[in-house]
2 protein chains.
Amino acid sequence: MIGARIPERAMKAMAGRADQSMPVGNEGAGTVVKAGSSAAAQALLGKKVAIIGGAMYAQYRCIDASQCLVLPADATAADGASCFVNPLTALGMVETMKRESHQALVHTAAASNLGQMLNRICLKDGIALVNIVRKSEQAALLREQGAKFVCDTGSPRFADELSDALAKTGATIAFDAVGGGKLASQILSGMEAAINRNAKEYSRYGSAVHKQVYLYGMLDTGPTELVRNFGMAWGVGGWLLFPFLQKIGPAAAQQLRERVAAELKTTFASRYTRTVSLAEALTPQAIAAYAQRATGAKFLIDPSRG
Amino acid sequence: MIGARIPERAMKAMAGRADQSMPVGNEGAGTVVKAGSSAAAQALLGKKVAIIGGAMYAQYRCIDASQCLVLPADATAADGASCFVNPLTALGMVETMKRESHQALVHTAAASNLGQMLNRICLKDGIALVNIVRKSEQAALLREQGAKFVCDTGSPRFADELSDALAKTGATIAFDAVGGGKLASQILSGMEAAINRNAKEYSRYGSAVHKQVYLYGMLDTGPTELVRNFGMAWGVGGWLLFPFLQKIGPAAAQQLRERVAAELKTTFASRYTRTVSLAEALTPQAIAAYAQRATGAKFLIDPSRG
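For clarity, every value in this text was computed on a predicted model and none was experimentally measured.

Student: Please provide a residue-by-residue account of the overall build of chain A, values included.
Tutor: When helices and strands are counted, chain A shows 11 helices and 13 strands. For 306 residues, the compact-globule formula gives about 19 Å, and the C-alpha radius of gyration of chain A, at 21 Å, lands near that figure. Expressed along its principal axes, the backbone C-alpha trace of chain A runs to roughly 70 × 45 × 35 Å. Expressed as a percentage of the 306 residues in chain A, the buried residues total 45%. Entry remark: accessible area of chain A is about 15700 Å², with carbon and sulfur atoms responsible for 54%. Separation of charge centres in chain A, based on 33 positive and 24 negative side chains, amounts to 1 Å.

Student: Tell me what's going on with the environment of Ser 21 of chain A, and back it up with residues and numbers.
Tutor: Looking at the element boundaries, Ser 21 of chain A is found in the loop between helix H1 (8–14) and strand S1 (27–31). When its relative accessible area of 75% is taken as the criterion, Ser 21 of chain A is described as exposed.

Student: Run through the pairing of strand S10 (residues 220–226) of chain A, naming residues and quoting values.
Tutor: Examined bridge by bridge, strand S8 (residues 179–181) of chain A and S10 of chain A share 2 bridges and lie parallel to one another. Bridging from a neighbouring strand, Gly 181 of chain A pairs with Thr 224 of chain A of S10 of chain A. In the sheet, S10 of chain A pairs with strand S10 (residues 220–226) of chain B via 3 bridges, with the strands oriented antiparallel. Counted as the bridge partner of Glu 225 of chain A is Glu 225 of chain B from S10 of chain B.

Student: Which residues make up the interface of chain A and chain B, and what values go with them?
Tutor: Each partner contributes residues to the interface: chain A has 35 residues there, and chain B has 35 residues. Taking both partners together, chain A and chain B bury about 3000 Å²; carbon and sulfur atoms supply 60% of that area. Of all residues in chain A, Tyr 202, Arg 228 and Met 232 of chain A bury the most surface against chain B, accounting for 27% of the area lost on that side. At the junction of chain A with chain B, the criterion picks out 0 salt bridges. Our count for the chain A to chain B interface comes out at 11 residue pairs in polar contact (both at pLDDT 80 or more). Among the elements of the structure, H1, S8, S10 and strand S11 (234–238) of chain A are those that each provide at least two residues to the side of chain A that touches chain B. At 7 residues, S10 of chain A tops the list of elements feeding residues into the side of chain A that touches chain B. Looking at the side of chain A that touches chain B, its residues break down into 19 nonpolar, 11 polar and 5 charged.

Student: If you had to explain the pairing of strand S2 (residues 48–52) of chain A to someone new, which residues and values would you point to?
Tutor: Residue and element names in this part refer to chain A. For S2, the buried fraction is high: 4 of the 5 residues fall into the buried class. As paired elements, S1 and S2 share 5 bridges and run antiparallel to each other. Among the inter-strand pairings, Glu 27 is bridged to a residue of S2, identified as Ile 52.

Student: Give me a nonpolar patch on the surface: which residues, what numbers.
Tutor: A surface patch of nonpolar side chains, amounting to about 270 Å² of accessible area, comprises Ile 2, Leu 282 and Tyr 290 of chain A. Residue placement: Ile 2 of chain A occurs in the segment before H1.

Student: Please give an account of the packing of helix H4 (residues 85–99) of chain B against helix H5 (residues 113–125) of chain B that cites residues and values.
Tutor: Residues and elements named next belong to chain B. At a minimum axis distance of 9 Å, the contact between H4 and H5 shows a crossing angle of 50 degrees. Comparing their axes, H5 and H4 come out oblique. Regarding H4 and H5, the two cross each other, and that crossing is right-handed. Facing H4, whose interface residues are Asn 86, Pro 87, Thr 89, Ala 90, Leu 91, Met 93 and Val 94, H5 presents Asn 113, Leu 114, Met 117, Leu 118, Ile 121 and Cys 122. Partitioned by chemical class, the residues of the contact of H4 with H5 number 10 nonpolar, 3 polar and no charged.

Student: So what's going on with the packing of helix H7 (residues 158–169) of chain A against helix H8 (residues 183–196) of chain A? Which residues, and what values?
Tutor: Residue and element names in this part refer to chain A. Orientation of H7 relative to H8, taken along the N-to-C sense of each, is 55 degrees, at an axis distance of 8 Å. One way to sum up the angle between H7 and H8 is to call them oblique. Handedness of the H7/H8 crossing: right-handed. Along its contact with H7, which presents Phe 158, Leu 162, Ser 163, Leu 166 and Ala 167, the element H8 presents Leu 183, Gln 186, Ile 187, Gly 190, Met 191, Ala 193 and Ala 194. When the residues that make up the contact of H7 with H8 are grouped by side-chain class, the tally is 9 nonpolar, 3 polar and no charged.

Student: Let's hear about the relation of the copies chain A and chain B: which residues, and what values?
Tutor: In screw terms, the move from chain A to chain B is a rotation of 180 degrees and a rise of 0.0 Å along the axis, fitting with an RMSD of 0.0 Å. With respect to symmetry, the two chain copies, as superposed, fit the operation of a two-fold axis. Mapped onto chain B, 100% of the interface residues of chain A again fall at the interface, so both copies present the same surface.

What counts, and where the lines are drawn
Residues numbered from 1 in each chain as written. Chains lettered and ligands numbered in written order. Predicted model: local features only at pLDDT ≥ 70, side-chain atom pairs only at ≥ 80, totals over all residues. Heavy atoms only, no water. Helix = DSSP H or I, 4+ residues; strand = E, 2+ residues; numbered from the N terminus. Rg over C-alpha atoms; globule rule 2.2 N^0.38 Å. Buried < 20%, exposed > 50% of the residue type's maximum accessible area, 1.4 Å probe, protein only. Areas by Shrake-Rupley, 256 points an atom, 1.4 Å probe, with all protein chains shown as cover. Lys, Arg positive; Asp, Glu negative; His and termini not counted. Charge placed at Lys NZ, Arg CZ, Asp CG, Glu CD. Pairing = 2+ DSSP bridges. Contact = heavy atoms within 4.5 Å. Buried area = accessible area lost by both parts, 1.4 Å probe. Salt bridge = Lys/Arg side-chain N within 4 Å of Asp/Glu carboxyl O. Polar contact = N/O pair within 3.5 Å; in protein donor to acceptor, adjacent residues only side chain to side chain. Nonpolar A, V, L, I, M, F, W, Y, C, P; charged D, E, K, R; others polar. Patch = residues over 30% accessible without salt bridge, like charges linked within 9 Å, V, L, I, M, F, W, Y side chains within 5 Å. Axes fitted to C-alpha atoms, helices over the stretch in contact; angles between N-to-C directions. Parallel < 35°, antiparallel > 145°, perpendicular 65-115°, else oblique. Left-handed = near helix turned anticlockwise from the far one by under 90°. Least-squares fit on C-alpha atoms with pLDDT ≥ 70 in both.

The quantities given are spatial measurements derived from coordinates; they are silent on function.
Right under this line is the structure:
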């Protein structure tokens, strides 16, 4: 058993789950060993499938046949183990950009597994992407993978470099994994500065172009600080995969899933640095390692290990 | 001539207007003394009209006949002097609430001229409104005018009183005139707490109900601080009257204007504490008075005064 102290300010939001034992694990993949009597279920017997639906950190999981995504013949269970959340989130960002009428996008924590995936999607689809990272090694990694616009918050000229990249791409929507601090605000300021480079007339209310930042992660759990020097046409909000999929409806969501299956070994390939059993995942050493949420350190949980 | 120092952090947004002489004044009202040859223009001769379109702090203003709102026969120019921005903003808040599928709303700086107007609209239309004020006198003022839900940020129990009012009204959209500080964040937290009172199941991502705060003013020009303890279904953004009117289109906007004209002496009545000439408006004493943006101290500029 592992215990940990929850910070006081987070306890209010946790109140509803006190004293509850809650199963965890968003997604996983494996071989179908038993199936119901329906033709659809029977057809899956012996197939490798990926599934999503919670309570996935387990050796066996019973789920509706319609929820299974059959993996390509040459894919392993590990290939499919994280083929929903990250791939669909990356595709969901591009889809949100299009549906909300933006022409290019910004991503923070851009060297993450998800960020690299988004970079591959954008390169393939010809969409301009401004990648924001914290370190020069991360910038180099993305550039090696073909990224054209990479801004490093560690650079002394970050603000100017960001507004240059925003002016060149015309990006007016950002997806931010950091959440806390001033980064979202800096992105909105950079967008407004980029837009005003081409403005013909001063407007006291700022540009009329809508600028949007969605916070989809909480790498920094501290407060988000918005220094409102970016006019009045802006929005900041939370973004989550499941409400997004619900909003676009089952047909559009299925199209995204099919693209993931088709490009599982290329665009949507995940790389893991270590594989652990369920028991190992709860050792203090393993927790200390993955709690860092460090770039390039993604763990695969293999519940079939003893 | 009056000079004033602009804070350094505001100068970036001002760069585009340096060395420009800019006419001011959003709206005004007066008698039509000269008109073009068209029948529509001629029909306005001698009538009292209200107009909006900038450069209104002047004795005469030439504007398209179609832009004139003819005032009711018993209205004075003073009655119509501010019949666009505040009335349409208040109506725009209610309209935004409906269009974005919320059932009740929150307003801050609620004892303002605009706030009292919004309170009258909501009472008349049977819409639940949570009024947030800073002082007990302001709370008393609104209660005297029939307001049912008034929360005072000065109260030691503000957070609980707010979440009570939010639970009773079901308000999930707020219009905030303050902008800076933690108020927007406190409203989102209060909404989430109110929603979770009735939640049957704990969700680690917070409630699925979208909570929205629009910042339409800047009484506090400091940073907006969001302590993100209200789940992932939320948005904060700028809100301005003119983009809103453009979005709803000319027919819907005209309906709102007609309601204002019909209820000019009741729902949309403005009260002024002082009338000044254009020259008086630029005296240091007058500036010191209206720069306080205090509740119940609204100035009327009368350019016909010498």
